[in-house]
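Listed below, chain by chain, are the residues.
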Amino acid sequence: MAQLWGGRFTKETDQRVKDFNDSLRFDIRLLQEDILGSMVHAGMLARVGVLTGEEADAIIEGLCQIGEDAENGKLDTSEGFEDVHSLVEANLIRRIGETGKKLHTGRSRNDQVALDMRLYTRRRMTETGQLVVRLLETLLSLMKEHTDTVMPGFTHLQKAQPVTLAHHLGAYFEMFRRDADRLTDGLARMNECPLGAGALAGTTYPLDREYTAEQLGFFGPTANSMDSVSDRDYLLEYLFDLSVIMMHLSRFSEEIILWNSDEYRFIELDDAFSTGSSIMPQKKNPDIAELVRGKTGRVYGELMALLTVMKGLPLAYNKDLQEDKEGAFDAMDTANTCLELFTDMLDTASFRKDVMERSAKRGFTNATDAADYLVRKGVPFRDAHGIIGRMVVECIGRGIGLEEMTLEEMQAFSPDFDRDIYKALSMKVCVDRRATTGAPGKAAMEEEIKHAEEVLAELTDLYDFEDSDDEDSDEEDPEIIF
Ligand code: ARG
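This structure is a prediction, so every number in the text was calculated from the model and none was measured.

Turning next to the overall build of the protein. Within the protein, the secondary structure is distributed over 19 helices and 6 strands. Here the C-alpha radius of gyration of the protein, 30 Å, is well above what a compact globule of 482 residues would show, namely 23 Å. Based on the C-alpha atoms only, the size of the protein along its principal axes is roughly 100 × 55 × 40 Å. Taken across its 482 residues, the protein has 50% of its residues classed as buried.

Glancing now at the packing of helix α3 (residues 31–47) against helix α6 (residues 109–145). Look at α3 against α6: their axes get within 9 Å of each other, and the N-to-C directions meet at 120°. Here α3 lies oblique to α6, going by the angle between them. As for the relative orientation of α3 and α6, their crossing is right-handed in sense. Contacts between α3 and α6 involve Glu33, Asp34, Leu36, Gly37 and Ser38 from the former and Gln112, Leu115, Asp116, Leu119, Tyr120 and Arg123 from the latter. Here the residues of the contact of α3 with α6 sort into 4 nonpolar, 3 polar and 4 charged.

In this section: the environment of threonine 406. Its location among the elements puts threonine 406 in the loop between α15 (381–398) and α16 (407–413). Among the residues examined, threonine 406 registers a relative accessible area of 36% and is labelled partly exposed. Threonine 406 sits 29 residues away from lysine 377 along the chain, and the two C-alpha atoms are 19 Å apart.

Looking at the element boundaries, threonine 296 is found in helix α11 (residues 287–310). If near-sequence neighbours (up to four positions away) are discounted, threonine 296 is found in contact with Met246, Met247 and Ser250. Within polar-contact distance, the side chain of threonine 296 engages the backbone oxygen of methionine 246 at 3.4 Å. Among the polar contacts listed, one links the side chain of threonine 296 to the backbone oxygen of valine 292, at a separation of 3.0 Å.

Every residue near the ligand is listed here: Ser23, Asp27, Asp83, His85, Arg109, Asn110, Val113, Tyr317, Gln322 and Lys325. Here a nitrogen atom of the ligand sits 3.2 Å away from a polar atom, N or O, in the side chain of serine 23. Contact distances for the ligand include 2.4 Å between an oxygen atom and a side-chain N or O atom of lysine 325. At 3 residues, α6 tops the list of elements feeding residues into the shell around the ligand. Looking at the shell around the ligand residue by residue, the class counts come to 2 nonpolar, 4 polar and 4 charged.

Bringing the pattern of salt bridges into the picture now. Counted under the stated rule, the structure contains 34 salt bridges. A salt bridge links aspartate 333 to arginine 29; its shortest N-O distance comes to 2.5 Å. Of this pair, aspartate 333 sits in helix α12 (residues 325–348) while arginine 29 sits in the loop between α2 (24–27) and α3, and the two are 304 residues apart along the sequence. Put simply, glutamate 409 and arginine 398 hold a salt bridge, and the shortest N to O gap is 3.3 Å. Of this pair, glutamate 409 sits in helix α16 while arginine 398 sits in helix α15; the two residues are 11 residues apart in sequence, bridging distant segments of the chain. For arginine 398, a relative accessible area of 40% corresponds to the partly exposed category. Through salt bridges with shared partners, a single ionic network connects Arg29, Arg124, Glu127 and Asp333.

Next up on the list: the packing of helix α10 (residues 233–259) against α11. Helix-helix packing is characterised by the crossing angle of the two axes and by the distance between the axes. Between α10 and α11, the least distance of the axes is 8 Å, while the angle of their chain directions is 160°. The orientation of α10 with respect to α11, classified from their angle, is roughly antiparallel. Both α10 and α11 take part in a crossing whose hand is left-handed. Across the contact of α10 with α11, the residue classes tally to 18 nonpolar, 4 polar and 5 charged.

Let's shift gears to the pairing of strand β1 (residues 150–155). Within a regular strand, side chains alternate between the sheet's two faces. Across 6 bridges, the pairing between β1 and strand β2 (residues 158–164) is antiparallel. Residue phenylalanine 154 lies in a different strand from β2, and its bridge partner there is lysine 159.

Here the focus is a negative patch on the surface. Where like charges cluster on the molecular surface, the negative patch consists of Glu54, Asp57, Glu61, Glu68 and Glu71. With respect to the helices and strands, the residue glutamate 71 is situated in helix α4 (residues 53–71).

It is worth spelling out the side chain of serine 253 at this point. If you trace the backbone, serine 253 turns up in helix α10. Given a relative accessible area of 0%, serine 253 falls into the buried group. Excluding residues that lie within four positions of it along the chain, serine 253 makes contacts with Ala289, Val292, Arg293 and Phe342.

Across all of its chains, the model carries 7 aromatic pairs by this definition. Between phenylalanine 252 and phenylalanine 342, the aromatic rings sit 5.0 Å apart at their centres with planes inclined by 50°, giving tilted as the arrangement. Taken together, the residues span a long stretch of sequence, with phenylalanine 252 in helix α10 and phenylalanine 342 in helix α12 at a distance of 90 residues. Of the residues examined, phenylalanine 252 reaches a relative accessible area of 1% and is grouped as buried. A residue is classified by how much of its surface remains accessible, and phenylalanine 342, at 0% relative accessible area, is buried. Grouped by ring-pair contacts, the aromatic residues Phe154, Trp259, Tyr264 and Phe266 constitute a single cluster. Over the face of the ring belonging to tyrosine 211 we find arginine 47, whose NZ or CZ atom lies 3.9 Å from the ring centre. Stacked on the ring of phenylalanine 218, the Lys or Arg arginine 122 has its end atom at 4.6 Å from the ring centre.

On the surface, a nonpolar cluster with roughly 270 Å² of combined accessible area is contributed by Leu200, Met226 and Leu315. Mapped onto the secondary structure, methionine 226 falls in helix α9 (residues 225–230).

Further remarks concern the side chain of aspartate 69. Relative to the helices and strands, aspartate 69 resides in helix α4. Not counting the four nearest positions on each side in its chain, aspartate 69 is found in contact with Lys74, Leu75 and Arg95.

Take the confidence of the model for the protein next. Confidence in the prediction for the protein averages 94 pLDDT; 96% of positions are at 70 or higher. Considering only residues more than four positions removed or in separate chains, one finds that residues 473–478, a stretch of pLDDT under 50, has 7 contacts.

Criteria and cut-off values
- Residues numbered from 1 in each chain as written.
- Predicted model: local features only at pLDDT ≥ 70, side-chain atom pairs only at ≥ 80, totals over all residues.
- Heavy atoms only, no water.
- Helix = DSSP H or I, 4+ residues; strand = E, 2+ residues; numbered from the N terminus.
- Rg over C-alpha atoms; globule rule 2.2 N^0.38 Å.
- Buried < 20%, exposed > 50% of the residue type's maximum accessible area, 1.4 Å probe, protein only.
- Axes fitted to C-alpha atoms, helices over the stretch in contact; angles between N-to-C directions.
- Parallel < 35°, antiparallel > 145°, perpendicular 65-115°, else oblique.
- Left-handed = near helix turned anticlockwise from the far one by under 90°.
- Contact = heavy atoms within 4.5 Å.
- Nonpolar A, V, L, I, M, F, W, Y, C, P; charged D, E, K, R; others polar.
- Polar contact = N/O pair within 3.5 Å; in protein donor to acceptor, adjacent residues only side chain to side chain.
- Near = heavy atom within 4 Å.
- Salt bridge = Lys/Arg side-chain N within 4 Å of Asp/Glu carboxyl O.
- Pairing = 2+ DSSP bridges.
- Patch = residues over 30% accessible without salt bridge, like charges linked within 9 Å, V, L, I, M, F, W, Y side chains within 5 Å.
- Areas by Shrake-Rupley, 256 points an atom, 1.4 Å probe, with all protein chains shown as cover.
- Lys, Arg positive; Asp, Glu negative; His and termini not counted.
- Charge placed at Lys NZ, Arg CZ, Asp CG, Glu CD.
- Phe/Tyr/Trp six-rings, centres within 6.5 Å; stacked < 30°, edge-to-face > 60°.
- Lys NZ or Arg CZ within 6 Å of the ring centre and 35° of its normal.
- pLDDT = per-residue confidence, 0-100.

Written as structure tokens, this is what we have:
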């Protein structure tokens, strides 16, 4: 098997060193990116006169065939190549002969792998963005459906004040909207092309880096060749973005697990998204939500692992950088799968409106509203708080809600109570009086939904070509793919 660097060596590599050093088993994922980068590099070498047009054509044609063979499962990867770069180059030479040996002119595996990894990450980040957009779509349609679905809002996991399901889900809409924005920011920041940086110090060939950057959809070439081969900031940012997405999914999962329990019964998960128990026939478990919550740990772990790999590295390239791949691949696969499954689980779940509303009523979530009622009648808030607190104690003792006391009973606590208290205590009024921007009241919620629709339309244009309603556009690709 041909090595790329045998010339300087007089001894065979120890097999264990080879096994330890080789990366083909995981960087084979970068094959299509490697081929694309090589094609553009060869084309550029011809433009600047380093290769002839015929040589570049032969190289590009050979690379094209390798790509096709790989797609059809016909590329032999079993020969023990060190990495994907060696695999492609050796294959090319085998196919087109001597000309293939000219491909690597003015290039190093250091800028090559930096390019491959950036191209691959850009594609996966875009995919994550699309999956977040799908989740936002699902959330928004549930929000529209549930503006009147009253439920208890919680603090300390204690029933606090009444909200609606639309409002509760709107909180998650905001979290995932910020996640999408973070991905968009990161995609713009990382979109510079490291190809042409060479091993670390550029090359003596007259490479046209602007041309290769443009051909590969980058905004332009990276500014410093040493930084180009040693920077993995963009990958760290993506891993952070994924960690935050997983944290949001995990919090949401935790709520779904609670809501799916017999104690809450707020939600019924679809059979297709639940699992059973081997011993307890009655069980229908929320395993998807639990696994999403559990897998959050490994995504955080991959972020921490790469931060640690990077922390002591002197400039420029060091082999430690090869350790950027396996963990990052795992984090991308994990988070994207979680996003996809979670969205489908949410989309197919049904919410029990009656149980939610009953739960809001049973938990004194209208106690603040009762105090606010007295304030409107001229009672200072602190006194009103004390009065309602004493009434709650009595109601707990009797197993009833505030609204189940008679007017006379209420007046024994405060003469300021009148008939209109019953309306003031109804769940619907309690929710609708919360009319400040961002609150669950119907009017405020409708504003929130309108804004969410605008945000989603923008994100859909950026990330999601299939659902784009931009009729005039001939573009096949989402705008975000540069
Ligand atoms: N497999 C290597 C990596 O992932 C490719 C670059 C190798 N460069 C080198 N100088 N040995 O980083």
